[in-house]
There are 2 protein chains.
Amino acid sequence: MFRVLPPPEIDYRAELPPHQQIIDWVRASIEAGELRPGQVIPSEKEMTQVLGVARTTVRRAVGKLREEGIIYTVPGRGSYVARR
Amino acid sequence: MFRVLPPPEIDYRAELPPHQQIIDWVRASIEAGELRPGQVIPSEKEMTQVLGVARTTVRRAVGKLREEGIIYTVPGRGSYVARR
DNA sequence: AGTAATTTGTTCGTATGTATC
DNA sequence: AGATACATACGAACAAATTAC
């Protein structure tokens with residue numbers, strides 16, 4: 001039923017900053033096969049809700065995933081797992 | 001002639017943020033009897049025009065009024081003053 | 001029946017200000 | 001000083017529901 005792995009409890013005192021914890025979560029979801037190439041990932045709004053963080057934090061994570069070529073984004077539609 | 005009280009001048013430097021000023025305006029319109037239960041409130045587009053704010057700001061106000069049960073919304077139709 | 005217009009829903013892009021560490 | 005996070009606002013595009021003609 002999960003489109004992704006269960007969202008992590010964001011720990012603001014951990015070594016890794018919140019946005020990095022989000023990145024790790026999405027990457028793990030992809031590697032686990034929960035998120036497959038071509039599939040849309042949870043929207044920024046959804047992630048802010050399930051993670052309990054601000055949109056800017058989610059966007060930082062999404063932006064870095066995009067820079068790494070892990071995902072690609074279509075404005076107004078969402079972000080998708082890159083085929084590769 | 002007014003469907004609502006005269007729209008407020010939105011003050012971006014006030015203590016209350018713009019969306020809260022909009023909420024207060026709608027609530028005052030209801031309490032003043034200009035907007036009655038079952039009546040439709042101005043559309044999001046109308047409010048953006050008379051208030052001079054972005055739709056996202058109007059939607060934030062409308063969303064909170066809905067959460068409070070002050071109004072209810074029918075997609076494609078509009079938002080109405082709740083009966084209560 | 002069918003198309004256009006209206007209205008709300010969703011999503012991303014961007015910017016500013018404040019606060020914390 | 002710098003990085004990070006939060007809250008709020010702007011704009012834009014497209015989808016979906018409803019209404020009007």
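Just so it is clear, the structure is predicted and the values come from calculations on it, not from any experiment.

Chemist: Whenever I open this one, helix 3 (residues 55–67) of chain A confuses me. Can you help?
Modeler: Owing to its 3.6 residues per turn, the α-helix aligns residues three or four sequence positions apart on the same side. Residues and elements named next belong to chain A. Between its first and last C-alpha atoms helix 3 spans 18 Å; for 13 residues at 1.5 Å apiece the expected length is 18 Å, and the two agree. Within helix 3, burial applies to Thr 57, Val 58, Ala 61, Val 62, Gly 63 and Leu 65. Contact partners of the buried residues in helix 3: helix 1 (18–31), helix 2 (44–51), strand 1 (71–74) and strand 2 (78–81). The positive-phi residue at the C-terminal boundary of helix 3 is Gly 69, with phi of around 80 degrees.

Chemist: What should I look at first to understand the protein's contact with DNA strand D in this one?
Modeler: The full set close to DNA strand D counts 22 residues, and Pro 18 and Thr 57 of chain A together with Pro 18, Thr 57 and Arg 77 of chain B are the nearest of them. At a separation of 2.9 Å, a phosphate oxygen of DNA strand D approaches a polar side-chain atom of Tyr 12 of chain A. Elements with a contribution of two residues or more to the surface near DNA strand D: helix 1 and helix 3 of chain A together with helix 1 (18–31) and helix 3 (55–67) of chain B. When grouped by side-chain class, the residues that make up the surface near DNA strand D number 11 nonpolar, seven polar and four charged.

Chemist: Explain the packing of aromatic side chains to me, please; I cannot follow it from the model alone.
Modeler: Counted according to the given criterion, the structure contains two aromatic pairs over all chains. On the basis of an interplanar angle of 20 degrees and a centroid distance of 5.5 Å, the ring pair of Tyr 72 of chain A and Tyr 80 of chain A is categorised as stacked.

Chemist: Can you help me understand the packing of helix 1 of chain B against helix 3 of chain B in this one?
Modeler: In a pair of packed helices, the angle between the axes and the distance between the axes together describe the arrangement. Residue and element names in this part refer to chain B. Running from N to C, helix 1 and helix 3 cross one another at 55 degrees; their axes reach a closest spacing of 8 Å. Judged on the interaxial angle alone, helix 3 and helix 1 are oblique. The handedness of the crossing between helix 1 and helix 3 comes out as right-handed. Between helix 1 and helix 3, the residues in contact are Pro 18, His 19, Ile 22, Ile 23, Val 26 and Arg 27 and Thr 57, Val 58, Arg 60, Ala 61, Lys 64 and Leu 65, respectively.

Chemist: Would you mind showing me how to read the nonpolar core here?
Modeler: What tends to happen in soluble globular proteins is that the nonpolar side chains get buried as a cluster. Counting residues in hydrophobic clusters, the biggest one holds 18 residues, and the most contacted among them are Ile 22, Trp 25, Leu 35, Met 47 and Leu 51 of chain B. When contributions to this core are tallied by element, the ones reaching two or more residues are helix 1, helix 2 (44–51) and helix 3 of chain B. For this core, the element with the most residues is helix 1 of chain B, which contributes five residues. Counting residues in hydrophobic clusters, the runner-up holds 17 residues, among them Ile 23, Val 26, Val 53 and Ala 61 of chain A.

Chemist: When you look at helix 1 of chain A in this model, what are you seeing that I'm missing?
Modeler: All names here are of chain A. Counted at 1.5 Å a residue, the expected span for helix 1 with its 14 residues is 20 Å, and the 20 Å between its end C-alpha atoms agrees. Of all the residues in helix 1, the buried ones are Pro 18, His 19, Gln 21, Ile 22, Ile 23, Trp 25, Val 26 and Ser 29. In the core, the buried residues of helix 1 are packed alongside helix 2 and helix 3.

Reading guide: rules and limits
Residues numbered from 1 in each chain as written. Chains lettered and ligands numbered in written order. Predicted model: local features only at pLDDT ≥ 70, side-chain atom pairs only at ≥ 80, totals over all residues. Heavy atoms only, no water. Helix = DSSP H or I, 4+ residues; strand = E, 2+ residues; numbered from the N terminus. Expected span 1.5 Å × (residues − 1). Buried < 20%, exposed > 50% of the residue type's maximum accessible area, 1.4 Å probe, protein only. Contact = heavy atoms within 4.5 Å. Near = heavy atom within 4 Å. Polar contact = N/O pair within 3.5 Å; in protein donor to acceptor, adjacent residues only side chain to side chain. Nonpolar A, V, L, I, M, F, W, Y, C, P; charged D, E, K, R; others polar. Phe/Tyr/Trp six-rings, centres within 6.5 Å; stacked < 30°, edge-to-face > 60°. Axes fitted to C-alpha atoms, helices over the stretch in contact; angles between N-to-C directions. Parallel < 35°, antiparallel > 145°, perpendicular 65-115°, else oblique. Left-handed = near helix turned anticlockwise from the far one by under 90°. Core = buried A, V, L, I, M, F, W, Y, C linked by side-chain atoms within 4.5 Å.

Just geometry here; none of it tells us what the structure is for.
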